[in-house]
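If you want the building blocks of each chain, they are given just below.
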Amino acid sequence: MQLLALDTSTETMSIAVQRVVDGQPRVWQLNAPGGAQTSSQLIPAILDLLAQAGLAVGQLDAIAFGCGPGSFTGLRTACSVAQGLAFGAAARTPGARDVPVLPVDSLLAVAEEARFQGAHDGAPLQVLSLLDARMDEMYAGRYRHADGRWTRLDDFSLIRPEDLTPQPGWLLAGNVWQAHGQRLAVGLRGGVPALPSATAMLRLAPQLLAQGAAIAAAQALPRYIRDKVAKTTLERADERALAAHGAAAP
């Protein structure tokens with residue numbers, strides 16, 4: 001399959017293009033700093049990778065994007081760029097088929113990245129994916145891999161590090177240890193460092209497409225868990241006052 005995948009749900013901008021060459025898939029990829037730079041760099045980087053692969057957007061079988069959870073701005077950027085590329089391909093070529101859009105759970109991509117890093121021996125694998133959600137919280141999602149397929153075991157959640165309890169037999173994967181490691185229970189202070197990479201999304205795409213997860217560009221939406229994306233000035237001042245009071249207490 002000829003695919004484009006992009007994820008900007010974290011501070012890393014991840015892009016990958018897959019093209020079939022002589023009957024075999026070949027991948028071009030880019031991982032670069034994201035954040036505030038993403039909006040200006042994402043489209044030029046995508047077009048450059050497509051040019052390297054010798055592909056036009058209209059030749060793609062699907063455009064996969066990390067739909068969340070993750071950075072509020074990053075999710076909107078990835079979704080809008082995926083939509084814009086799909087709409088643009090149809091507009092430039094009258095009568096051309098629409099390029100479908102494939103939303104991919106960012107936490108599922110984390111689980112797949114951990115699996116690909118060799119974190120298991122081929123037996124059924126259970127992964128608890130964790131991404132830093134800022135505001136002293138983490139995004140969490142549970143997945144099981146068996147018989148070459150992933151299954152999401154429950155809906156995403158937003159939790160405080162202190163509220164995460166050990167789950168025997170589960171592999172932890174994500175990016176939370178630097179930000180929240182000391183607030184996690186002792187048995188949870190290590191895991192597989194993994195981000196929702198675009199190459200992981202390419203590997204996930206065949207299963208998701210077979211399950212009918214592709215949608216028309218107009219239907220693409222980010223997946224938010226938290227409606228509130230920042231603390232107010234008053235809330236931050238209250239937190240500082242509580243911290244100061246705790247430090248001063250005997």
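Undergrad: Would you mind going over the packing of aromatic side chains in detail, with residue names and values included?
TA: A complete count under the given rule lists 2 aromatic pairs for this structure. Looking at Arg152, its charged tip hangs above the ring of Phe156, at a distance of 4.8 Å from the centre. Here the guanidinium or amino end of Arg203 rests over the ring plane of Phe116, the centre of that ring lying 3.7 Å away.

Undergrad: An account of unusual backbone geometry is needed here, citing residue identities and associated values.
TA: Cis geometry marks the peptide bond from Gly68 to Pro69; its omega dihedral reads 5°. Position of Pro69 among the secondary structure elements: in the loop between β4 (62-68) and α2 (72-92). Located in the positive-phi region is Met135, a residue other than glycine, with phi close to 50°. Checked against the element boundaries, Met135 lands in the loop between β6 (125-132) and β7 (138-146). Looking at Met135, the relative accessible area reads 22%, which means it is partly exposed.

Undergrad: So what about helix α5 (residues 198-210)? Which residues, and what values?
TA: Along its 13 residues, α5 runs 19 Å from first to last C-alpha, staying within 8% of the 18 Å computed at 1.5 Å per residue. At Leu204, α5 shows its strongest bend, of approximately 45°, with the proline Pro206 following within four residues. Burial in α5 covers these residues: Ala198, Thr199, Ala200, Met201, Leu202, Leu204, Ala205, Gln207 and Leu208. Following α5 by one or two positions, Gly212 adopts a phi angle in the positive range, close to 80°.

Undergrad: Requested: an account of the packing of helix α3 (residues 106-116) against α5, with residues and values cited.
TA: At their nearest, the axes of α3 and α5 sit 9 Å apart, and the two run at 105° to each other. Judged on the interaxial angle alone, α5 and α3 are roughly perpendicular. Here Leu108, Ala109, Glu112, Glu113, Arg115 and Phe116 of α3 come into contact with α5, specifically with Thr199, Ala200, Met201, Arg203, Leu204 and Leu208. Grouping the amino acids of the contact of α3 with α5 by side-chain chemistry returns 7 nonpolar, 1 polar and 4 charged.

Undergrad: Can you tell me about the environment of Arg149, naming the residues and giving the values?
TA: Its place among the elements puts Arg149 in strand β8 (residues 149-152). When the C-alpha atoms of Arg149 and Leu204 are compared, they prove to be 8.9 Å apart, with 55 residues separating the residues in sequence. Residues in contact with Arg149, not counting those within four places in the same chain, are Arg144, Gln207 and Gln211.

Definitions and limits used
- Residues numbered from 1 in each chain as written.
- Predicted model: local features only at pLDDT ≥ 70, side-chain atom pairs only at ≥ 80, totals over all residues.
- Heavy atoms only, no water.
- Phe/Tyr/Trp six-rings, centres within 6.5 Å; stacked < 30°, edge-to-face > 60°.
- Lys NZ or Arg CZ within 6 Å of the ring centre and 35° of its normal.
- Helix = DSSP H or I, 4+ residues; strand = E, 2+ residues; numbered from the N terminus.
- Buried < 20%, exposed > 50% of the residue type's maximum accessible area, 1.4 Å probe, protein only.
- Expected span 1.5 Å × (residues − 1).
- Bend = angle between axes of the 7 residues up to and from the residue.
- Axes fitted to C-alpha atoms, helices over the stretch in contact; angles between N-to-C directions.
- Parallel < 35°, antiparallel > 145°, perpendicular 65-115°, else oblique.
- Contact = heavy atoms within 4.5 Å.
- Nonpolar A, V, L, I, M, F, W, Y, C, P; charged D, E, K, R; others polar.

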